[in-house]
Amino acid sequence: MNDSYKYLISRFHKNFKILKVLSFFLVHSIANAQNYYLYVASESDDTVSLLRFDGNKIIEEKRIDVGFYPTEIEGPHGITIDPNGKFWYLTLAHGNPYGKIIKYSTKDNIAIDQTTLGLFPASMQVSKITGFIYCVNFNLHGDMKPSSVSVIDAETMTEITKIKTGIMPHGSRISNDGLKQYSVAMMSGELFEIDALNLSVSRKLDLDNHLSIDQSKMNMNDHKMKHSSVKPTWVIPHPKKSLAYVAGNGSNEIIEINLNKWEITKRIKIEKKPYNVEISPNGNIMVATLKGNGKTAIWDLKTGDLIKLIKNSTSVPHGIAISSDSKYAFVSVEGKGGEPGIVDVIDLNKLLLIDKVEVGKQAGGIAFWKKEI
Amino acid sequence: MKKVFFVFLVIVNLGFSQDKFIVSNLKDITLDIGQVFKPESRVINSDGSEVECSRIIYYNKKGVFSSAKSITFDREKGTLKANDPGNHDVVAVCINTNGKRLTKTFNINVNYPKIKKVKLLNGQRNIYVGNYVKLIYEITDELDNKRIVDYWNYDKALRYFSNVEVDLKSSNDRVKIDLSNNILAVEEGNSTITANFDGISEKIDIKIQKNPISKLNLISDSSNVKTGDVVNFKVKAIDKKGNEIKNMPVEYSFTGKSFDKSSSASGLILEDGRFVGDVAGKYIISAKIGNITSSKVVNVFPRNVNREINNIGNGLVNDKHTSDFWVFEGVDGRDYAVTGTWGADGKAYFWDVTNPSKIKKIDSVQVDARTVNDVKVSQDGKICVISREGASNRKNGIIMIDVTNPKDVKIISEYTKNLTGGVHNVFIDNNHVYALSNGEKYYIINIDDTSNPKQVGMFEVGKEGQSIHDVWIENGIAYSSNWRDGVYLVDVGNGIAGGSPSNPVPFGDYSYDSGAHHATFPYKSKSTGKFYTVLGDEIFPKGVNPNGTNETAGFLHFVDFTDTKNPVEVAKYELPTHGSHNFWIEDDILYVAMYTGGLRVVDLSGDLLGDLYKQGREIGYILTGNPNGYIPNDTMVWGAQLYKGHIFYSDFNSGLGAAKVSANKPDNSKANQYIE
């Protein structure tokens, strides 16, 4: 081996080390340069905020005015992103009298199309199979009569049908395979499963715990006016298992349902008034907002243990959006009166509230859009 | 070489990738109304081979409203049903298990039901030579739907005539039928008119009489008037013998010439002979019976009501938007006002306005709400009620406030039962609060005991999709503004229909096409004694403009409600490019908040007919934008109230203000030296 050859070998090793170091920093910096984007609706400001979180700080990139009447609060409530990421959809709860759903482009946040739905249209989600939006008509303040789930073709923004469910339906979520839609009826205390292809109710489950109800106080003749003690406000199907979890806002519990057996398998007691509940995409973590005491609860679904209760930045926590990598939960917090709405960022590994950002008043509906390097 | 190979691969791949199509028996289909049809569709490749499609879902593409109901679907049976005639789009969506969608829209023609019967009606008692024959067509289709088509009510007739073939023929030359199917009587005698509608014929015999009239005397109550003044014309028809012949069909018309050479004459004449000139000028009014006519000249002079309007004082609110307001006399004899706030922190402000040039904020309350949209005070000046929207517990409702001492107001109670959907507007009248609920209905709440209000009544229109925006009480009558359902007059203690607060009884209503009815003010004209409801629109034609001043539209509709069973819309106040909001009328003067168009004062004296703005009835206006406003210099005036000679107003961006109409005419010397 001559000297020049040795020299070249040594140069190679030296350069390789430099390359290794550079590669490490490159990969590390790429990993840290991830941006998370999400949308949040502010119900008492008629605005939607586009937020960006870089792993450390969350900022409001843009505030978008929504609605049609500058001097009326139209109440943007539900928000969801199309599975293709190109569009977001927003419900306006108040109309004359019916609310609306509006389709926006994520490219420029300009409204593209709209259609009228029922009374107080609220939460919704798009099925990745049918491309239809399934939106509950909450009818929050109306008469105690069954309302419906509107099915809208997102392509033409036409309401295809209204499927009758229970009283005050809320919490529309689609199963991971896109074939079932779940919602709960807050006042009649029921879980509804809709066949996303048949466009009809396939199953219904009474969520009340009849063993704990004092039957002597019930008016048994008044069959039509069942007032649920559970007052379910949200349902989320597990992304990987045949389970669903329901927020029992009135009974202070999270209810686990076995979707195969279609029966309640667990009632998990929790502090005051759980409102929304979401599960991380990897299926490991469950997060619920506790409207009654301004906290967010986190469970480890592998063990079933409640692992953390985090005090939110202000009162009345509302919605949850979890990042696609299951690392962060973004929690909308309504606040009161003239207080701004807030979005809290919770690190799901460290179980810490790591940042927050102010948005419009009464921050509610929240939807994760994308992770970008 | 590599490039050539790559291009080759692309071409080969393109050749094998195939377009997919939905083929269906829906293509070019025509159905009859009521017909049930089973659509059958499949997906094929361009080479005709079948493609798997796990489900095909059909729906009727949207029309005016969300769910088009022209074609409905029975999803269990897999059928559709044609409900309305016309062309409708049915979308077929093929859904694959892997989430791939394929859609195709099919246009379906649904036949109009065939005409079964046509009946011709003659609306005129007598037809004279020189008259147009005004036939009315009663058409019955095979589904027994009946339509009355009045050819002289063209707007409605057009819809029908554009869809069917109509052919009119006469039996002789005593009438002339033009290309638009107008029939002119030209010669005395009998004639038979045959109408053919889509192959269904019907005849009517008409008798054309020799015109018995040899002379017409056209009489008016005035011949020198001002713009906007209504002139009543009558005709005295005289025959050859000098006898008057009554109840003759008279056709009125006019021509005119403006005094201003750069302006066109403009006015309105009705079939009953009422005429109004919009623009100053010379007008020739003509009356015609058959081939006999008579004319009369009317001189229309400028109304000349312009006056200076001066802003007197302001109670600036510039950290948030201001909503509605109310001015009242306190129990101490001083004058006060309360203002609400919008999209903010739930505050309402109290002001001493005894000296309108020195409006002074004296107290405030804060409630759990984001918007206090409406505020009202009882007639005795003791109780204030404010509305809540955006409460953190979503219970909203109303708040009762003791304003006996406006410098130290005290919240007495909150009331939320049935009002959780947010209360947009309220009214207080004789110990009852009228509160809107969820934009659908209003509840009537007794406040004899203000700390324990009790619901005693409720009123709703009772129609699918009912929607309400405001309610106003006067003389025991509640006037609710119900968007597309218009105004409803409800007896809540007047006695006209035996109603009371606990038993509200509707006795009159009126709606109009735009469906934008947002506020009502009842008004009895001092000068004519006629009773009107003035109905205001609220329209934002382009929605919210986040970058600047919002565009507004809509106007005030003047509806003569003197006969409550037969309300007639007679006039409008429309300010070009600006829309209406809240308003007040007193002593035949209108004070109206025209949002971006400012606070406007309009003369309503005399009979009202036609376009009041064009008639020069506007006395004056001010723009209420303030350089220190929430949005500086942005006029967005919300409401107006005349109180002890001053016009108080609230502006969305600047708070409370007071203005006064001056006796002076506007000084136009700087605008145009030639204007007198």
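Conventions adopted
- Residues numbered from 1 in each chain as written.
- Chains lettered and ligands numbered in written order.
- Predicted model: local features only at pLDDT ≥ 70, side-chain atom pairs only at ≥ 80, totals over all residues.
- Helix = DSSP H or I, 4+ residues; strand = E, 2+ residues; numbered from the N terminus.
- Contact = placed C-beta atoms within 7 Å.
- Nonpolar A, V, L, I, M, F, W, Y, C, P; charged D, E, K, R; others polar.
- Pairing = 2+ DSSP bridges.
- Axes fitted to C-alpha atoms, helices over the stretch in contact; angles between N-to-C directions.
- pLDDT = per-residue confidence, 0-100.
- Core = buried A, V, L, I, M, F, W, Y, C linked by C-beta atoms within 7 Å.
- Buried ≥ 20, exposed ≤ 12 C-beta atoms within 10 Å, placed from the backbone.

Participant: Mind showing me how you'd approach the overall build of chain B here?
Facilitator: Looking only at helices and strands, one finds two helices and 57 strands in chain B. Reported as C-alpha extents along the three principal axes, the dimensions of chain B are approximately 100 × 85 × 65 Å. A separation of at least 24 residues holds for 52% of the contacts in chain B among residues at least 6 apart in sequence.

Participant: What is the right way to look at the overall build of chain A in this model?
Facilitator: Scanning chain A from N- to C-terminus turns up one helix and 28 strands. Once local pairs closer than 6 in sequence are excluded, the contacts in chain A between residues at least 24 apart make up 43%.

Participant: Would you explain the interface of chain A and chain B in this entry?
Facilitator: Interface size is commonly expressed as the accessible area that is lost once the parts come together. The partner chain B presents 40 residues to the 41 residues of chain A that form the contact. Mapped onto the side of chain A that touches chain B, the elements with two or more residues apiece are β7 (111-116) and β11 (158-164) of chain A. Of the residues forming the side of chain A that touches chain B, the biggest block, three residues, is contributed by β11(A). Classifying every residue of the side of chain A that touches chain B by side-chain character gives 13 nonpolar, 19 polar and nine charged.

Participant: In this structure, what is going on with the sheet that holds strand β16 (residues 232-237) of chain A? I would like to understand it.
Facilitator: Strands in a sheet are paired, the pairing made by backbone hydrogen bonds, and the direction either parallel or antiparallel. Residue and element names in this part refer to chain A. Here we have four strands laid out as an open sheet, ordered β16-β17-β18-β19, and antiparallel in their pairing. Only two strands of the sheet have a single neighbouring strand rather than two, namely β16 and β19 (263-269). Taken pair by pair, the neighbouring strands of this sheet meet at an average axis angle of 20 degrees, ignoring direction. Across five bridges, β16 lies against strand β17 (residues 243-248) in antiparallel orientation. The partner of V235 across the bridge, within β17, is V246.

Participant: What am I meant to see in the confidence of the model for chain B here?
Facilitator: Detailed reading of predicted coordinates is not advised where the pLDDT is low. Residue and element names in this part refer to chain B. Of all residues in chain B, 93% attain a pLDDT of 70 or more, and the chain-wide mean is 91. Long-range and interchain partners of residues 4-16, a stretch whose pLDDT sits below 50, account for zero contacts in this model, where long-range means more than four residues apart. Predicted as a complex, the structure gets a pTM of 0.89 and an ipTM equal to 0.86.

Participant: Please explain the pairing of strand β19 (residues 189-197) of chain B as it appears in this structure.
Facilitator: Two faces make up the sheet, and in a regular strand the side chains alternate between them. Residues and elements named next belong to chain B. In this structure, strand β16 (residues 166-170) lies alongside β19, joined through five bridges in antiparallel fashion. The residue bridging K169 from the neighbouring strand is T194, located in β19. Across nine bridges, β19 lies against strand β20 (residues 200-209) in antiparallel orientation. Each bridged residue has a counterpart across the sheet, and for T192 the counterpart in β20 is D205.

Participant: Explanation requested: the nonpolar core in the structure shown.
Facilitator: Side chains that are nonpolar tend, in soluble globular proteins, to be buried together. Within the largest apolar cluster, 138 residues are counted, with the highest numbers of intra-cluster contacts made by B:A337, B:V338, B:I398, B:Y434, B:A435, B:F583 and B:A593. For B:A435, the contacting residues outside a window of four places in its chain are B:I398, B:L419, B:V423, B:V426, B:Y442, B:Y443 and B:I445. The next biggest cluster of nonpolar side chains, apart from the first, holds 119 residues, and it includes A:A185, A:I310, B:A92 and B:F106.

Participant: In this structure, what is going on with the sheet that holds β19(B)? I would like to understand it.
Facilitator: Residues and elements named next belong to chain B. What the four strands build is an open sheet, ordered β12-β20-β19-β16; its pairing is mixed. In this open sheet, the two edge strands, each paired with only one partner strand, are β12 (127-128) and β16. Where β12 meets β20, two bridges bridge the pair, whose relative direction is parallel. Paired with I127 across the strands is I208, a residue of β20.

Participant: Help me understand the environment of A:I257, please; the structure alone is not making it clear to me.
Facilitator: Residues and elements named next belong to chain A. Of note, I257 is situated in strand β18 (residues 253-258). For the pair I257 and Y245, spaced 12 residues apart in sequence, the C-alpha to C-alpha distance is 6.2 Å. In this structure, I257 is in contact with L191, L205, L243, A244, V246, I264 and T265, ignoring residues within four places of it in sequence.

Participant: Which parts of the structure should I look at to understand the confidence of the model for chain A?
Facilitator: When pLDDT is averaged across chain A, the result is 91; 87% of the residues are at 70 or more. Note on residues 215-223 of chain A: pLDDT is under 50 here. Beyond four places in sequence and across chains, it has one contact.

Participant: Looking at this structure, how should I read unusual backbone geometry?
Facilitator: Glycine aside, residues mostly have negative phi angles, and peptide bonds mostly take the trans form. Along the chain, A:N96 connects to A:P97 via a cis peptide bond; the corresponding omega equals -5 degrees. If you trace the backbone, A:P97 turns up in the loop between β5 (87-92) and β6 (100-105). Backbone geometry places B:D198, a non-glycine residue, at a positive phi of 50 degrees.

Participant: How do you make sense of the environment of B:S294 when you look at a structure like this?
Facilitator: All names here are of chain B. Locating S294 in the fold gives a position in strand β28 (residues 292-301). Overall, the presence of 19 C-beta atoms within 10 Å leaves S294 in the partly exposed class. It is 54 Å that separates the C-alpha atoms of S294 and K69, two residues lying 225 residues apart in sequence. Those residues in contact with S294, other than ones at most four positions away along the chain, are L216, N217, L218 and A287.

Participant: How do you make sense of the environment of B:S263 when you look at a structure like this?
Facilitator: Residue and element names in this part refer to chain B. Topologically, S263 is positioned in the loop between β24 (251-258) and β25 (267-269). Residues S263 and A92, spaced 171 residues apart in sequence, show a C-alpha to C-alpha distance of 57 Å. When sequence neighbours within four positions are dropped, the list of residues in contact with S263 reads S258 and V279.

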